[in-house]
Amino acid sequence: MTIYPVDLSSDTQTRPSAAMRQAIAYADVGDEQKREDPTVNRLQEMTAQLCGKEAALFLPTGTMCNLIAHFIHCRAGDEIILDASYHPVNFEGAGPSVHARAAMNCIDSPTGIFTAADVESRVRPKDPHFPTSRLVCVENTVNLRGGRVWPIAAIRDVTDAARKHGLATHLDGARLMNAVVASGVSAAEYCKHFDSAWIDLSKGLGCPVGGVLVGSEEFMEQAWRWKHTFGGAMRQAGIIAAAGVYALANNVERLAEDHAKAKALAEGLAAIDGIAVDVASVESNIVVFDIAGTGIDRKTLLDRVIQQGVRFSGLIQPTELRAVTHLDIPADGVERALAAVRGAIA
Ligand SMILES: *Cc1c(COP(=O)(O)O)cnc(C)c1O
């Protein structure tokens, strides 16, 4: 049982449904390291096909998808160009510098959706004084910027700029399927612009664990090797991959419901005195809002709404909060969340 009936702190807070648990219970399994687990193989085939790539690899976390991709693309002394709000900059314990020993050169875009000119401005001249520009990363949707969805034309522009300078390209698609459902652009259409990409299973798709990395056959052979080295190779992993197979078949279209709930929540919050939220910017399942105008501090607000069974998370700015909708938010969850916020600031 969940302690927070309306847990909007993250879409990682989903629990496997009864039907997903059935799929897990009856999964066909084998030794994944020998590539003999039929359910892992099935999940990898499904994801490769979905993303229009030659090959895919099931990994324990999205963080490991980023880590291994950075590691393959970069070597010590290289530099990764990405936005300052992105996950590897903030939430991976300095992963790129620890593992790939690459530096990060951050673009500070208000939306996380940067331009070809931004990329051009970060590419270093070839000179032994400078880090070697190696990789451009895109995050779609942009987590800390309210789940913004990258327009496909913007993706084409920035990846063209990367290729023009001989840089590799990587897509952090933790919420790529949210972008797909919100925009109508297919996963393959997004992924074709990148050398590597991945989707998270444990966010809005509702699985307990896992991410799937996609790319060329050659890239994936290297990824298999680093999966072993970093300790991510598993055995009868079909038990958890079964949740992913189930989710890709059943939990993608329904993301539209989460997006509708996020929009309704943003509209409701915008109507509350002292709360600032850019309703038009809510394009998927994330709402970022600011409570500076309410006169109460964030901790007090968070504590008060929790009394009503409602949970949000704090963002990096001290007056910013984040609400993320997902498949375990009940039908009346938005109303309950709004009532809790009104009560907390009254
Ligand atoms: C959650 C997330 C990750 C990391 O995924 P985990 O499965 O939690 O390791 C990476 N990038 C973004 C944008 C995320 O939201």
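Residues numbered from 1 in each chain as written. Predicted model: local features only at pLDDT ≥ 70, side-chain atom pairs only at ≥ 80, totals over all residues. Heavy atoms only, no water.

1. Considerations on the domain arrangement of the protein chain
And then number 1: One can read the domain layout of the protein chain as domain 1 (6-13 + 254-345) and domain 2 (18-250).
And then number 2: Here the C-alpha centre of domain 2 lies 27 Å away from the C-alpha centre of domain 1.
And then number 3: Counting residues at the interface gives 16 residues for domain 1, matched by 19 residues for domain 2.
And then number 4: Of the roughly 1600 Å² buried between domain 1 and domain 2 on both sides combined, carbon and sulfur atoms contribute 55%.
And then number 5: Between domain 1 and domain 2 we count two salt bridges in total.
And then number 6: Its salt-bridge partner being Glu283, residue Arg148 comes within 3.8 Å of it at the nearest N-O pair. (Domains from an automatic or database assignment. Contact = heavy atoms within 4.5 Å. Buried area = accessible area lost by both parts, 1.4 Å probe. Salt bridge = Lys/Arg side-chain N within 4 Å of Asp/Glu carboxyl O.)

2. Some remarks on unusual backbone geometry
Leaving glycine aside, a negative phi is the common case for residues, and trans is the common case for peptide bonds.
And then number 1: Cis peptide bonds are those with omega within 30 degrees of zero, and the linkage from Asn140 to Thr141 qualifies with 0°.
And then number 2: Mapping Thr141 onto the fold places it in the loop between β5 (132-139) and α7 (152-164).
And then number 3: In the Ramachandran plot, Ala94 falls in the positive-phi region, its phi being about 60° despite a non-glycine side chain.
And then number 4: Here Ala94 is to be found in the loop between α4 (87-90) and α5 (95-100).
And then number 5: Look at Arg101: it is not a glycine, yet its phi comes out positive at around 55°.
And then number 6: When you line up the elements, Arg101 lands in the loop between α5 and β4 (103-107).
And then number 7: Residue Arg101 is classed as exposed on the basis of its relative accessible area of 54%. (Helix = DSSP H or I, 4+ residues; strand = E, 2+ residues; numbered from the N terminus. Buried < 20%, exposed > 50% of the residue type's maximum accessible area, 1.4 Å probe, protein only.)

3. Re the sheet that holds strand β9 (residues 286-290)
And then number 1: If you trace the three strands from one edge of the open sheet to the other, you get β9-β12-β11, paired in antiparallel fashion. Among the strands making up the open sheet, the edge pair consists of β9 and β11 (313-314).
And then number 2: In this sheet, strand β12 (residues 320-324) lies alongside β11 in antiparallel orientation, the contact comprising two bridges. Paired with Ser313 across the bridge in β12 is Arg322. (Pairing = 2+ DSSP bridges.)

4. Brief notes about helix α10 (residues 217-229)
For an α-helix, 3.6 residues make a turn, and residues three or four places apart therefore share a direction.
And then number 1: The end-to-end C-alpha distance of α10, which contains 13 residues, comes to 19 Å, matching closely the 18 Å that a straight helix rising 1.5 Å per residue would cover.
And then number 2: Considered for burial, the residues of α10 that qualify are Phe219, Met220, Ala223, Trp224, Trp226 and Lys227.
And then number 3: Contacts made by the buried residues of α10 are with α2 (38-51), β2 (55-59), α3 (62-73), β7 (196-200) and β8 (211-215).
And then number 4: Within two residues after α10, Gly231 carries a phi angle of roughly 80°, on the positive side. (Expected span 1.5 Å × (residues − 1).)

5. Let's talk about the sheet that holds β7
And then number 1: Taken together, seven strands build an open sheet; the order of strands is β2-β8-β7-β6-β5-β3-β4 and the sheet is mixed. The open sheet has two free edges, formed respectively by β2 and β4, since each of these has just one partner strand. Averaged over neighbouring strand pairs, the angle between their axes works out to 20° when direction is ignored.
And then number 2: Sheet topology note: the strand β3 (residues 78-83)/β5 ladder contains four bridges and is parallel. Across the sheet, the residue bridging to Glu79 is Ser133, located in β5. (Axes fitted to C-alpha atoms, helices over the stretch in contact; angles between N-to-C directions.)

6. Regarding the environment of Gly112
And then number 1: The topology assignment puts Gly112 in the loop between β4 and α6 (116-122).
And then number 2: Residue Gly112 is classed as buried on the basis of its relative accessible area of 0%.
And then number 3: Leave out the neighbours within four places in its chain, and Gly112 touches Asp83, Ser85, Tyr86, Val142, Arg145 and Trp150.

7. Focus on the packing of aromatic side chains
And then number 1: Under the counting rule described, the total for this entry stands at six aromatic pairs.
And then number 2: The interplanar angle of 40° and the centroid separation of 6.3 Å between the aromatic rings of Tyr86 and Phe114 together place this pair among those described as tilted. Highlighted residues: Tyr86 in the loop between β3 and α4 and Phe114 in the loop between β4 and α6, separated in sequence by 28 residues. Side by side, Tyr86 and Phe114 carry an identical accessibility label, which is buried.
And then number 3: Here the aromatic rings of Phe114 and Trp150 are separated by 5.1 Å at their centres, their planes lie at 85°, and the arrangement is edge-to-face. Of this pair, Phe114 sits in the loop between β4 and α6 while Trp150 sits in the loop between β5 and α7; the two residues are 36 residues apart in sequence, bridging distant segments of the chain. For the pair formed by Phe114 and Trp150, the shared burial category is buried.
And then number 4: Among the aromatic residues, ring-to-ring pairing joins Phe71, Trp226 and Phe230 into one connected group.
And then number 5: Directly above the aromatic system of Trp224 lies the positively charged group of Arg35, at a separation of 4.1 Å from the ring centroid.
And then number 6: The ring of Trp226 carries the charged tip of Arg225 above its face, separated from the ring centre by 4.1 Å. (Phe/Tyr/Trp six-rings, centres within 6.5 Å; stacked < 30°, edge-to-face > 60°. Lys NZ or Arg CZ within 6 Å of the ring centre and 35° of its normal.)

8. Thoughts on the pattern of salt bridges
And then number 1: One pass over the structure, following the stated rule, counts 16 salt bridges.
And then number 2: The residue Asp7 makes a salt bridge to Arg311 at a minimum N-O spacing of 2.9 Å. Of this pair, Asp7 sits in strand β1 (residues 6-7) while Arg311 sits in strand β10 (residues 310-311); the two residues are 304 residues apart in sequence, bridging distant segments of the chain.
And then number 3: Relative accessible area serves as the criterion here: at 6%, Asp7 is assigned to the buried category.
And then number 4: Using a relative accessible area of 23% as the deciding quantity, one classes Arg311 as partly exposed.
And then number 5: A network of salt bridges, in which partner residues are shared, links Arg254, Glu257 and Asp258.

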